[in-house]
Amino acid sequence: MLQLELIHVVRRYGPVGGMERYVWELTRELQQLGHRVSVICERCHVDKLEGITVHEIGEIAPRPRWLSLLRFGRRVARFLVDHPCPDAVIHSHERLNSHHITTFHGPPFANVLDKPWWRLISLRIAMQLFLERRELSTPRFVVPNSRFISQSLAHYYPELAHKLTEPIVPGVVPGVVREPRAVPPDGGIVGFVGKEWQRKGLPRAVEIVAALRRTRPHVQLHVVGPAAADVAHLFADWQGGFKLMGWSDQAHYAAFDVLLHPAKAEPYGMVISEAMAAKVPVLISDVCGAAAHVTPASGAVLPLAASLEAWVEALDQQLSRAEPVPQFERSWREVAEEYVEIYSEILIVDLKRQALMVG
């Protein structure tokens with residue numbers, strides 16, 4: 001196998017968020033496949049991995065966000081000029097203008113264009129749109145990390161749709177699997193996982209479980225992700241029946257009887273595939289990219305606008321199920337191998353171009 005020289009660019013390197021975990025796991029697997037991997041980041045948040053060269057170029061004030069992204073892109077461009085790597089494939093996960101390939105991890109900012117025109121008149125929106133279009137226009141390939149993102153990008157940037165590859169969805173790391181057990185008819189443990197708790201639908205989850213408690217008085221809601229102080233107000237009317245567990249690298253899926261994820265916007269939703277990998281049934285909204293992997297055997301997908309009664313009934317059905325959940329499997333090695341195919345295509349095109357120039 002040809003050894004590739006690969007440079008990944010991400011602001012925070014380490015498993016400190018969904019996108020960051022994607023980059024962390026992908027670069028580890030690429031290195032283990034025998035490729036030369038470097039990372040350019042503001043800061044590495046974990047111990048550096050043997051075999052991966054990490055270049056920290058310094059943290060930048062996070063606000064305003066558009067300015068922070070612009071400054072980071074300029075620092076990366078300057079670093080690449082000062083440290084030229086003509087044979088490397090530059091793989092960005094940020095708003096750059098000096099990359100061969102970019103992975104798009106979130107919904108397009110261009111969805112702001114659906115809002116009334118008077119809400120679009122601001123420097124912030126103009127700059128965010130500029131940075132997003134620049135990121136998409138520069139590389140040869142744009143890799144969406146879900147079908148949902150792919151469709152959104154094609155909708156807002158039809159003139160750039162030819163750059164889109166097939167989605168490369170995240171892998172999962174096998175962990176502790178939920179043992180088959182009967183859930184008490186008046187109880188059960190419902191799990192919610194996510195730091196960005198508003199976008200991921202925690203207020204709706206609280207509402208759903210509170211309504212279910214009328215018929216399942218001992219059902220509990222365990223919340224992993226947000227700081228307890230940030231979400232305690234959502235449980236002001238509760239008399240027990242919940243746990244605010246804060247953030248943990250281990251979401252304790254095996255302790256859940258169902259994962260509830262009524263997100264308002266979720267480009268993929270790694271917590272969904274992680275729960276299914278732990279053989280935990282899921283109940284999610286239809287705006288989650290991972291909905292494509294949720295079969296009737298592994299859970300249910302409801303329209304975001306479904307009534308409270310429909311959500312409560314669906315949650316009760318998942319808690320009452322008798323059949324085990326099939327284990328979801330997708331290795332990060334598969335993810336890395338899919339990227340290697342794209343990297344190789346980039347290099348082949350470059351070699352052909354060089355041959356034409358020489359000729």
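Everything numeric here is computed off the predicted structure, so don't read it as measured data.

What counts, and at which threshold
- Residues numbered from 1 in each chain as written.
- Predicted model: local features only at pLDDT ≥ 70, side-chain atom pairs only at ≥ 80, totals over all residues.
- Heavy atoms only, no water.
- Axes fitted to C-alpha atoms, helices over the stretch in contact; angles between N-to-C directions.
- Helix = DSSP H or I, 4+ residues; strand = E, 2+ residues; numbered from the N terminus.
- Parallel < 35°, antiparallel > 145°, perpendicular 65-115°, else oblique.
- Contact = heavy atoms within 4.5 Å.
- Nonpolar A, V, L, I, M, F, W, Y, C, P; charged D, E, K, R; others polar.
- Buried < 20%, exposed > 50% of the residue type's maximum accessible area, 1.4 Å probe, protein only.
- Lys, Arg positive; Asp, Glu negative; His and termini not counted.
- Salt bridge = Lys/Arg side-chain N within 4 Å of Asp/Glu carboxyl O.
- pLDDT = per-residue confidence, 0-100.
- Core = buried A, V, L, I, M, F, W, Y, C linked by side-chain atoms within 4.5 Å.
- Pairing = 2+ DSSP bridges.
- Right-handed = clockwise from strand over helix to strand, strands pointing away.

A. Local environment of the packing of helix H5 (residues 202-212) against helix H8 (residues 308-320). Running from N to C, H5 and H8 cross one another at 70 degrees; their axes reach a closest spacing of 9 Å. When the axis of H5 is compared with that of H8, the two are roughly perpendicular. When H5 is examined against H8, the residues Arg204, Glu207, Ile208, Val209, Ala211 and Leu212 are found in contact with a partner set consisting of Leu308, Trp311, Val312, Leu315, Asp316 and Leu319. Residue composition of the contact of H5 with H8, grouped by class: 9 nonpolar, no polar and 3 charged.

B. Quick look at the side chain of lysine 163. Counting through the fold element by element, lysine 163 comes out in the loop between helix H4 (147-156) and strand E9 (189-193). Comment: no salt bridge for buried lysine 163; closest opposite-charge side chain is glutamate 159, at 10 Å. Once you skip the residues sitting within four places of it in the chain, lysine 163 turns out to touch Leu136, Ser137, Thr138, Pro139, Arg140, Phe141 and Val142.

C. The arrangement of the confidence of the model for the chain in detail. Looking at the chain as a whole, the pLDDT averages 92, with 96% of positions reaching at least 70. In the predicted structure, residues 355-359 sits below a pLDDT of 50 and forms 0 contacts with residues beyond four places in sequence or in another chain.

D. Highlighting the nonpolar core. Counting 54 residues, the largest nonpolar core has Tyr13, Ile101, Tyr253, Leu259, Ile272, Tyr339 and Tyr343 as the members making the most contacts within it. Going through the elements one at a time, helix H1 (18-32), strand E3 (36-41), strand E5 (52-56), strand E8 (141-144), helix H7 (270-277), strand E13 (282-285) and helix H9 (332-358) are the ones with two or more residues in this core. It is H9 that provides the largest number of residues to this core, a total of 9 residues. Every residue in contact with tyrosine 339, bar those within four places of it in the chain, is listed here: Tyr22, Leu26, His91, Ile101, Thr103, Val143 and Ile168. Judged by nonpolar contacts, the second largest core, of 28 residues, contains Leu202, Ala300, Leu302 and Ala314.

E. Region of the structure containing the pairing of E8. Where burial is concerned, the two faces of E8 agree: the one with Phe141 and Val143 and the one with Val142 and Pro144 are both buried. Pairing analysis gives 4 bridges linking strand E7 (residues 101-104) to E8, with the strands arranged parallel. If you follow threonine 102 over to E8, its bridge partner there is valine 142.

F. Highlighting the sheet that holds strand E1 (residues 5-9). What the 6 strands build is an open sheet, ordered E5-E3-E1-E6-E7-E8; its pairing is parallel. Of all the strands in the sheet, just E5 and E8 have a single pairing partner and so form its edges. With direction set aside, neighbouring strand axes in the sheet form an average angle of 20 degrees. Pairing of E3 with E5, which is carried by 5 bridges, proceeds in the parallel orientation. Across the sheet, the residue bridging to valine 39 is valine 54, located in E5. The sheet contacts of H1 involve E1, E3, E5, strand E6 (89-92) and E7, and relative to E1 the element is tilted by about 170 degrees.

G. Up close: the pairing of E9. With 4 of 5 residues buried, E9 is to be regarded as a mostly interior element. The pairing of E9 with strand E10 (residues 220-224) spans 5 bridges and is parallel. Note that in E10 the partner of glycine 191 across the bridge is histidine 222. A crossover connection joins E9 to the parallel E10 through H5; in handedness this β-α-β unit is right-handed. As judged from the 2 bridges shared by E9 and strand E12 (residues 258-261), these two strands associate in the parallel manner. Note on E12: the bridge partner recorded for valine 190 is valine 258.

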